[in-house]
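For reference, the chains in residue letters:
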Amino acid sequence: LFNLLTSLFLARHTNLNLSQKVEELKEKGNAAFGKGNYLTAITHYTSALARDPNNHVLYSNRCAASLKLEKWTSASLDADRCIQIKPDWPKGKPPN
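Residues numbered from 1 in each chain as written. Predicted model: local features only at pLDDT ≥ 70, side-chain atom pairs only at ≥ 80, totals over all residues. Heavy atoms only, no water.

K.L.:
Please give an account of the side chain of His56 that cites residues and values.
P.N.:
In this fold, His56 is placed in helix H3 (residues 56–68). Residue His56 is classed as buried on the basis of its relative accessible area of 16%. (Helix = DSSP H or I, 4+ residues; strand = E, 2+ residues; numbered from the N terminus. Buried < 20%, exposed > 50% of the residue type's maximum accessible area, 1.4 Å probe, protein only.)

Encoded structure:
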């Protein structure tokens, strides 16, 4: 029982640390984007995606940064992945 409780605690603690790191990287990416440092933003979003590969917001953000750099193929791939993960994401839908 002790081993099971220890394992559960460590798993939860690890997940919290992972979530915190992803959020930290997303915030760094957002800050870089806000300053016009789009390549730096892409680097932060990519690092966050390595830790949370199903985060539609990160794909959406990286897509926006790629668009600013006119990296059309990368932006399109990220937009497609974002929509695959979250089909109802408003930023993933074309305008009417």
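From this point, the narrative continues.
K.L.:
Can you explain the pattern of salt bridges? Please cite residues and give values.
P.N.:
Here the structure, examined in full by the defined rule, presents five salt bridges. Among the salt bridges present, the one from Lys28 reaches Glu24, with a minimum N-O distance of 3.6 Å. A residue pair is termed a helical-turn pair when its members lie 3 or 4 positions apart in one helix, as Lys28 and Glu24 do in helix H1 (residues 2–34) at four residues. Glu24 gets classed as partly exposed once you look at its relative accessible area, which sits at 35%. (Salt bridge = Lys/Arg side-chain N within 4 Å of Asp/Glu carboxyl O.)

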